[in-house]
Amino acid sequence: MTGVLNGDISGNTNRRRGSPSPDFTDDLTCKVMLLGDSGVGKTCFLLQFKDGAFLSGAFLATVGIDFRNKVISVDGENVKLQIWDTAGQERFRSVTHAYYRDAQALLLLYDITSKTSFQNIRAWLTEVEEYAHKDVVLMLLGNKNDVSGARVIRKEDGEALAKEYGIPFLETSAKTGMNVDLAFTAVAKELKQRSNQQKDPKFQIHTYIEKQQVKNSCCKYI
Ligand SMILES: Nc1nc2c(ncn2[C@@H]2O[C@H](COP(=O)(O)OP(=O)(O)OP(=O)(O)O)[C@@H](O)[C@H]2O)c(=O)[nH]1
């Protein structure tokens, strides 16, 4: 929705290019990239997480790539998420490819009201395989789950596709905020765990997401 065309705006001038490892300064810094077709809701998803706000109204496609930072507390430690919002439009693809290599996590979004955006997920995963680091943390997100009347992709279809690729899956809504924090927290926990294996070696992103979803659905009825 917003957008600037940036060069290296990471601020991490001393990082080796191509390394997927999180940075170790005072806090852990992790680069997370949002991917998916134009209009699936990447910018709104980021703004909901960053500011707790939803921008409805006219849709303005992202130009190139944009980023926002947010520090969250994970198990008592600060994790700085540097979140890159990419343009979904095909014409910016060569710009965004250049950034894949530095990302430690990729959130791949489709729109549950758009069959094309779901069908294109396989193509996005091929790009991920080609341009991202092999150890990147990946998550599939079916966004716009608030628009139940216009749904064309069943939750089971999203789950099945994610299972086929062995990646975690969530349905989300950038409008209501449903599972937005959970997606980023799960990624931050996974990256933190990778940075310090001894502390919580048993952490499993799939299990964490499943447990949190059960917890959230139980809380609705309390
Ligand atoms: N109902 C509903 N609408 C959403 C949601 N997320 C985004 N939208 C709407 O979908 C449209 C596209 O959202 P954006 O966030 O700009 O999409 P994008 O993926 O960033 O698009 P590009 O920048 O072109 O890649 C906007 O009109 C948003 O208001 C959601 O969760 N629910």
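Each remark here, short or long, concerns the structure printed above.
Note that the structure is predicted; figures quoted are calculated from it, not measured.

Chemist: What is the right way to look at the site of the ligand in this model?
Modeler: Taken together, the neighbourhood of the ligand is formed by 23 residues, with Ser38, Gly41, Ala61, Thr62 and Gly88 sitting nearest. Among the elements that take part in the shell around the ligand, helix α1 (residues 42–51) stands out by supplying 3 residues, more than any other. Each residue belonging to the shell around the ligand can be placed in one class, and the counts come to 8 nonpolar, 11 polar and 4 charged.

Chemist: I would appreciate a short explanation of the nonpolar core in the present structure.
Modeler: Buried together is how nonpolar side chains tend to be arranged in soluble globular proteins. With 49 residues, the main nonpolar core has Val32, Leu107 and Val187 as its most contacted residues. Counting only elements with at least two residues in this core, the list comes to β2 (28–35), α1, β3 (65–74), β4 (77–86), β5 (105–111), α4 (121–131), β6 (137–143) and α6 (180–195). In terms of residues, this core owes the most to one element, α6, which gives 7 residues. When neighbours within four sequence positions are excluded, Val32 is seen to be in contact with Leu81, Ile83, Trp84, Ala103, Ala105, Leu107 and Val187.

Chemist: I'm lost on the pairing of β3 in this one. Help?
Modeler: Each regular strand displays side chains that alternate between the two surfaces of the sheet. Bridge analysis of β3 against β4 gives 10 bridges, and the strand direction is antiparallel. Opposite Val71, over in β4, you have Lys80 as the bridge partner. Hairpin connection between β3 and β4: a loop of 2 residues separates the two successive antiparallel strands, and Asp75 in this loop has a positive phi of roughly 50°.

Chemist: What is the right way to look at the environment of Lys163 in this model?
Modeler: Here Lys163 shows up in helix α5 (residues 155–165). A tally of 13 C-beta atoms within 10 Å means that Lys163 is categorised as partly exposed. Measuring from C-alpha to C-alpha, the distance between Lys163 and Asp75 comes to 28 Å, with 88 residues separating the pair along the chain.

Chemist: What's the story with α4 in this structure? I'm lost.
Modeler: One full turn of an α-helix is made of 3.6 residues, so residues set three or four places apart face in the same direction. Of the residues making up α4, those classed as buried are Ile121, Leu125 and Val128. Burial along α4 is one-sided: seen end-on, the buried residues are contained in an arc of 55°. Away from its buried face, by an angle of more than 90 degrees, α4 presents the exposed residues Ala123, Thr126 and Glu130. Looking at the buried residues of α4, the elements they touch are β5, α3 (115–119), β6 and α5.

Chemist: How should I be thinking about unusual backbone geometry in this particular structure?
Modeler: One can expect most non-glycine residues to show negative phi and most peptide bonds to be in trans. Located in the positive-phi region is Asp75, a residue other than glycine, with phi close to 50°. Note on placement: Asp75 falls in the loop between β3 and β4. Although it is not a glycine, Asn179 sits at a positive phi angle of roughly 65°. With respect to the element layout, Asn179 can be found in the loop between β7 (169–171) and α6.

Chemist: In this structure, what is going on with the pairing of β5? I would like to understand it.
Modeler: Counting buried positions over the 7 residues of β5 gives 7, a clear majority of the element. Of the two faces of β5, the one carrying Ala105, Leu107, Leu109 and Asp111 and the one carrying Leu106, Leu108 and Tyr110 are both buried. Judged from the 4 bridges that link them, β2 and β5 form a sheet pairing that is parallel. When the bridges of β5 are listed, Val32 appears paired with Ala105.

Reading guide: rules and limits
Residues numbered from 1 in each chain as written. Predicted model: local features only at pLDDT ≥ 70, side-chain atom pairs only at ≥ 80, totals over all residues. Near = placed C-beta within 6 Å. Helix = DSSP H or I, 4+ residues; strand = E, 2+ residues; numbered from the N terminus. Nonpolar A, V, L, I, M, F, W, Y, C, P; charged D, E, K, R; others polar. Core = buried A, V, L, I, M, F, W, Y, C linked by C-beta atoms within 7 Å. Buried ≥ 20, exposed ≤ 12 C-beta atoms within 10 Å, placed from the backbone. Contact = placed C-beta atoms within 7 Å. Pairing = 2+ DSSP bridges. Arc of directions from axis to C-beta.

From the geometry alone we can't say anything about function, so treat these as descriptive.
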